[in-house]
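Coordinate analysis (summary)
Here's the letter readout for the chains.
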Amino acid sequence: MLPSTFASKYLKVSRRMLSLLDHCHHMRQIKQIQSHLTVSGTLLDPYVSGKIISFCATSHLDDALSHGYSLFLRLQNRTTFIWNTMIRGLAENNQSFKAITIYKSMLDTYFPPNNYTFSFVLRACANLPDLFIGLQCHGQVIKYGWESYDFVLNGLVHLYATCNCMDSAKRLFDMSDVNRDVITWTSLISGYVKSRQVAIAQQLFDQMPEKNVVSWSAMINGYVQIGMFEEALELFNGMQTCGVQPNQAGIIGALTACAFLGALDQGRWIHAYIERNKIELDRVLGTALIDMYAKCGCIETAISVFDNMSNRDVFAFTSLISGLANHGQSGSAIELFVRMQNEGVAPNEVTFICILSACSRMGLVEKGLRIFKSMSEMHGIEPGMQHYGCLVDLLGRAGLLEEAKKVVREMPMEPDSYVLGALLNACRVHGNVELGKETVESLVERSLDHGGVHVLLSNMYASANQWDGVVKVRKGMGDKNVRKIPGCSLIEVDGMVCEFVCGDRSQPHLLMEETESWLIGIDKHLKSLSLDDDMTIKRGSLLSCY
DNA sequence: CAGTGACCGC
């Protein structure tokens with residue numbers, strides 16, 4: 001035993017040590033403090049070790065969490081606070097399963113869990129998500145009497161909503177009419193939207209006694225996730241009419257909706273709003289803006305937003321690469337791909353999809369093949385279905401049909417409709433009727449055929465003057481009752497969203513003749529430039545406005 | 001002698 005003067009001296013020292021934690025910017029400093037505490041013996045005090053673990057669990061310094069975890073394992077005296085903090089740290093850092101394992105050993109050592117324990121454990125269950133473990137935790141929640149505590153209740157509703165168990169979520173919600181708050185409502189609503197029960201979500205949203213910016217954003221993004229973009233934009237406007245200033249999540253949802261609708265005016269307005277309100281243009285928001293401008297046809301503005309971003313990550317680069325490739329600027333897309341790696345940003349699997357399709361459009365077979373190889377050899381990314389689709393497209397467009405066929409035969413997974421579709425398209429462009437027929441057959445075998453596939457084959461027979469083939473395909477289509485779903489496209493004109501539907505003559509419009517003559521003119525012009533066959537416009541496209 | 005939650009990009 002230390003004499004009491006020593007003890008109080010060491011306590012003072014350790015308190016000073018702990019206050020230094022807030023100023024640490026490197027793990028080395030944490031370890032220094034910890035070794036002082038170890039030498040003085042004060043680390044044995046669970047309050048002191050708890051402070052260290054709490055710092056490690058919530059810090060974003062490299063290896064902080066694993067350092068905290070190894071200290072946790074060595075501790076003789078743990079408190080509920082220490083257990084909770086460890087569970088929280090693991091759950092917040094993508095190690096939810098480990099978090100639950102720690103919770104189990106907490107119960108095994110007879111430590112009573114409290115309200116904090118359950119809010120962290122339920123979060124871990126929702127992160128996985130694992131309904132089976134979640135149900136067991138719910139049992140524990142009831143056993144220890146925390147079911148109506150607001151944080152725990154909301155954790156449960158969130159868990160069930162995440163696991164698509166809307167009946168359970170709703171039952172809890174109904175049971176707790178005194179304890180529920182705006183967060184309970186928001187969790188429930190976003191659960192209904194994610195399970196595509198939009199009508200119920202909308203109804204609850206209207207009934208909510210108080211809405212805040214998060215509730216509005218949840219509903220906006222819910223609409224975006226299920227593809228109801230116009231509703232999302234209406235809500236975005238409605239929220240401001242109600243005097244709620246949109247936050248980053250709401251703005252991102254609205255920008256995504258603009259990108260899909262081609263609603264450039266709205267998108268520009270949101271961009272101006274961001275600048276007017278000095279909302280920080282971070283990587284997420286910057287990427288959403290780049291994407292919106294690129295998809296609305298303003299590639300120059302997309303580039304300037306990109307240039308003005310201070311720290312660009314893989315998503316920002318990928319978004320612009322994709323935009324450039326889609327605007328026929330494949331050369332610039334490839335340059336940007338090189339620049340990205342020179343700046344030390346590692347491409348991800350989506351980047352490779354964009355860059356491979358850029359190569360494919362430029363006819364850069366050698367380069368595309370090299371990049372495809374580099375995926376696994378240099379970047380540790382195993383090519384997936386879509387990458388094989390790009391590869392088949394790359395070879396097929398260049399007329400290397402045998403090589404493309406070989407890729408389909410030897411790829412490590414069963415080809416999907418896009419991979420076979422790329423092969424079929426190559427057969428069409430290069431007039432290989434025989435391989436085209438084989439490809440359609442393998443599509444049919446896998447039940448991946450749709451009307452368009454058969455129409456394409458029939459057109460191929462027609463181009464090759466094989467009229468018996470045409471008749472056979474058409475008859476087969478009639479027997480199977482296949483119909484091609486018409487293509488459609490959206491564009492904003494003078495603030496109004498217009499929908500173009502291929503071949504739709506049900507809603508004749510005054511501008512139709514004028515539009516059609518323009519289309520034919522563009523078509524002729526493109527043909528005179530002898531551009532890629534894909535660029536020609538299908539005659540008979542029709543405009544219907546609403 | 002402590003501390004927690006709902007919405008968000010390729």
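Residues numbered from 1 in each chain as written. Chains lettered and ligands numbered in written order. Predicted model: local features only at pLDDT ≥ 70, side-chain atom pairs only at ≥ 80, totals over all residues. Heavy atoms only, no water.

**A look at the overall build of chain A**
A count of helical and extended segments in chain A gives 29 helices and 3 strands. For chain A, the residues scored as buried account for 45% of the 546 residues in total. Long-range contacts, defined here as pairs at least 24 residues apart, represent 58% of the contacts in chain A between residues at least 6 apart. For chain A, the accessible area works out to roughly 29100 Å², and carbon and sulfur atoms hold 55% of it. (Helix = DSSP H or I, 4+ residues; strand = E, 2+ residues; numbered from the N terminus. Buried < 20%, exposed > 50% of the residue type's maximum accessible area, 1.4 Å probe, protein only. Contact = heavy atoms within 4.5 Å. Areas by Shrake-Rupley, 256 points an atom, 1.4 Å probe, with all protein chains shown as cover.)

**With respect to the environment of Val 213**
Along the chain, Val 213 turns up in helix 13 (residues 213-225). With near-sequence residues (within four places) excluded, Val 213 lies in contact with Met 239, Val 244, Gln 245, Pro 246 and Asn 247.

**Here we look at the UniProt feature "repeat: PPR" (unreviewed entry) in chain A**
As annotated in UniProt, the feature "repeat: PPR" (unreviewed entry) corresponds to residues 79-113, 181-211, 212-246, 313-347 and 348-383 in the numbering used here. Annotation note: span residues 79-113, helix share 74%, strand share 0%, distance between end C-alpha atoms 10 Å. Taken end to end, residues 181-211 has its terminal C-alpha atoms 10 Å apart, with 74% of it in helix and 0% in strand. (UniProt positions renumbered as here; feature names shortened; annotations may be inferred.)

**A short note on helix 26 (residues 433-445)**
When the terminal C-alpha atoms of helix 26 are compared, their 18 Å separation across 13 residues agrees well with the 18 Å that a helix rising 1.5 Å per residue should span. Buried residues of helix 26: Val 433, Leu 435, Gly 436, Thr 439, Val 440, Ser 442 and Leu 443, and no others. Contact partners of the buried residues in helix 26: helix 24 (401-410), helix 25 (417-429) and helix 27 (451-463). Positive phi shows up at Ser 447, right after helix 26, with a value of about 55°. (Expected span 1.5 Å × (residues − 1).)

**Describing the pattern of salt bridges**
Taken as a whole and judged by the stated rule, the model has 9 salt bridges. Between Asp 393 and Arg 397 there is a salt bridge, and its shortest N-O distance comes to 2.9 Å. Of this pair, Asp 393 and Arg 397 are both found in helix 23 (residues 385-397), 4 residues apart, which corresponds to roughly one turn of the helix. Given the relative accessible area of 14%, Asp 393 is considered buried. (Salt bridge = Lys/Arg side-chain N within 4 Å of Asp/Glu carboxyl O.)

**A word on the packing of helix 19 (residues 314-326) against helix 21 (residues 349-362)**
It is at 9 Å that the axes of helix 19 and helix 21 come closest, and there the two elements cross at 20°. As far as their axial angle goes, helix 21 and helix 19 are roughly parallel. Remark: the crossing between helix 19 and helix 21 carries left-handed chirality. Across from Val 314, Thr 318, Ile 321, Ser 322, Ala 325 and Asn 326 in helix 19, the residues of helix 21 making contact are Val 350, Thr 351, Cys 354, Ile 355, Ala 358 and Arg 361. (Axes fitted to C-alpha atoms, helices over the stretch in contact; angles between N-to-C directions. Parallel < 35°, antiparallel > 145°, perpendicular 65-115°, else oblique. Left-handed = near helix turned anticlockwise from the far one by under 90°.)

**Focus on unusual backbone geometry**
Apart from glycine, the bulk of residues carry a negative phi angle, and the bulk of peptide bonds sit in the trans form. Backbone torsion omega between Leu 128 and Pro 129 reads -25°, so that peptide bond is classified as cis. Relative to the assigned elements, Pro 129 resides in the loop between helix 7 (115-127) and helix 8 (131-144). A positive phi angle is found at Asn 94, which is not glycine, with a value near 65°. One can find Asn 94 in the loop between helix 5 (80-92) and helix 6 (96-108). Phi is positive for Asn 465, which is not a glycine, with a value near 60°. Mapping Asn 465 onto the fold places it in the loop between helix 27 and helix 28 (467-480).

**Some words on the packing of helix 15 (residues 248-261) against helix 16 (residues 264-276)**
Helix 16 packs onto helix 15 with a crossing angle of 155° between their chain directions and a minimal axis gap of 9 Å. As far as their axial angle goes, helix 16 and helix 15 are roughly antiparallel. Note on packing geometry: the crossing formed by helix 15 with helix 16 is left-handed. Residues Ile 251, Ala 254, Leu 255 and Cys 258 of helix 15 touch helix 16, and the partners they reach there are Gln 266, Gly 267, Ile 270, Tyr 273 and Ile 274. Residue composition of the contact of helix 15 with helix 16, by class: 7 nonpolar, 2 polar and no charged. (Nonpolar A, V, L, I, M, F, W, Y, C, P; charged D, E, K, R; others polar.)

**Side note on the confidence of the model for chain A**
In low-pLDDT regions, the fine details of the predicted coordinates are not to be read closely. Chain-level pLDDT for chain A is 88 on average; 88% of the residues reach the 70-or-more range. At the low end of the mean pLDDT range in chain A sits strand 3 (residues 541-545), at 32; at the high end sits helix 7, at 98. For residues 530-546, every residue scores under 50 in pLDDT, and the model assigns this stretch 48 contacts once sequence neighbours within four places are set aside. (pLDDT = per-residue confidence, 0-100.)

**Observations concerning the protein's contact with DNA strand B**
Taken together, 34 residues form the shell around DNA strand B, and within it Asn 84, Ser 119, Arg 123, Tyr 149 and Asn 154 come nearest. Each atom of DNA strand B within 4 Å of the protein was assigned to sugar, phosphate or base; sugar and phosphate come to 31%. Separating a base nitrogen of DNA strand B from a side-chain N or O atom of Asp 181 is a distance of 3.1 Å. Between DNA strand B and Asn 348, the relevant distance is 3.4 Å, taken from a base oxygen to a side-chain nitrogen or oxygen of the residue. When residues of the surface near DNA strand B are traced back to their parent elements, those giving at least two are helix 5, helix 7, helix 9 (150-162), helix 11 (182-194), helix 13, helix 15 and helix 19. Top contributing element to the surface near DNA strand B by residue count: helix 13, with 5 residues. (Near = heavy atom within 4 Å. Polar contact = N/O pair within 3.5 Å; in protein donor to acceptor, adjacent residues only side chain to side chain.)

**A look at the side chain of Thr 318**
Looking at where Thr 318 falls in the secondary structure, it is placed in helix 19. With near-sequence residues (within four places) excluded, Thr 318 lies in contact with Asn 348, Val 350, Thr 351 and Cys 354.

**Some points on the packing of aromatic side chains**
Under the defined criterion, the tally for this structure stands at 15 aromatic pairs. An aromatic cluster is built from Tyr 69, Phe 72, Trp 83 and Phe 111, whose rings are joined through pairwise contacts. For Arg 78, the ring lying beneath its charged end belongs to Trp 83, and the centroid distance is 4.9 Å. For Lys 295, the ring lying beneath its charged end belongs to Phe 260, and the centroid distance is 5.6 Å. (Phe/Tyr/Trp six-rings, centres within 6.5 Å; stacked < 30°, edge-to-face > 60°. Lys NZ or Arg CZ within 6 Å of the ring centre and 35° of its normal.)

**Comments concerning helix 17 (residues 283-295)**
With 13 residues, helix 17 ought to run about 18 Å at 1.5 Å a step, and its terminal C-alpha atoms sit 18 Å apart, in line with that. Inspection of helix 17 places Leu 285, Gly 286, Thr 287, Ala 288, Leu 289, Ile 290, Met 292, Tyr 293 and Ala 294 among the buried residues, and these make up the whole buried set. Buried residues in helix 17 make contact with helix 15, helix 16, helix 18 (299-308) and helix 19. The N-terminus of helix 17 is capped by Asp 282, whose side-chain oxygen sits 3.3 Å from the backbone nitrogen of Val 284.

**A short note on the state of the cysteines**
This structure, assessed with the given rule, holds 0 disulfides. The thiol of Cys 258 is unpaired, and the distance to the nearest cysteine sulfur, on Cys 296, comes to 6.6 Å. You can call Cys 258 buried: its relative accessible area is 0%. Sulfur of Cys 390: no disulfide; nearest cysteine sulfur belongs to Cys 354 and is 8.4 Å away. According to the relative accessible area criterion, Cys 390 is buried, its value standing at 11%. (Disulfide = S-S within 2.5 Å.)

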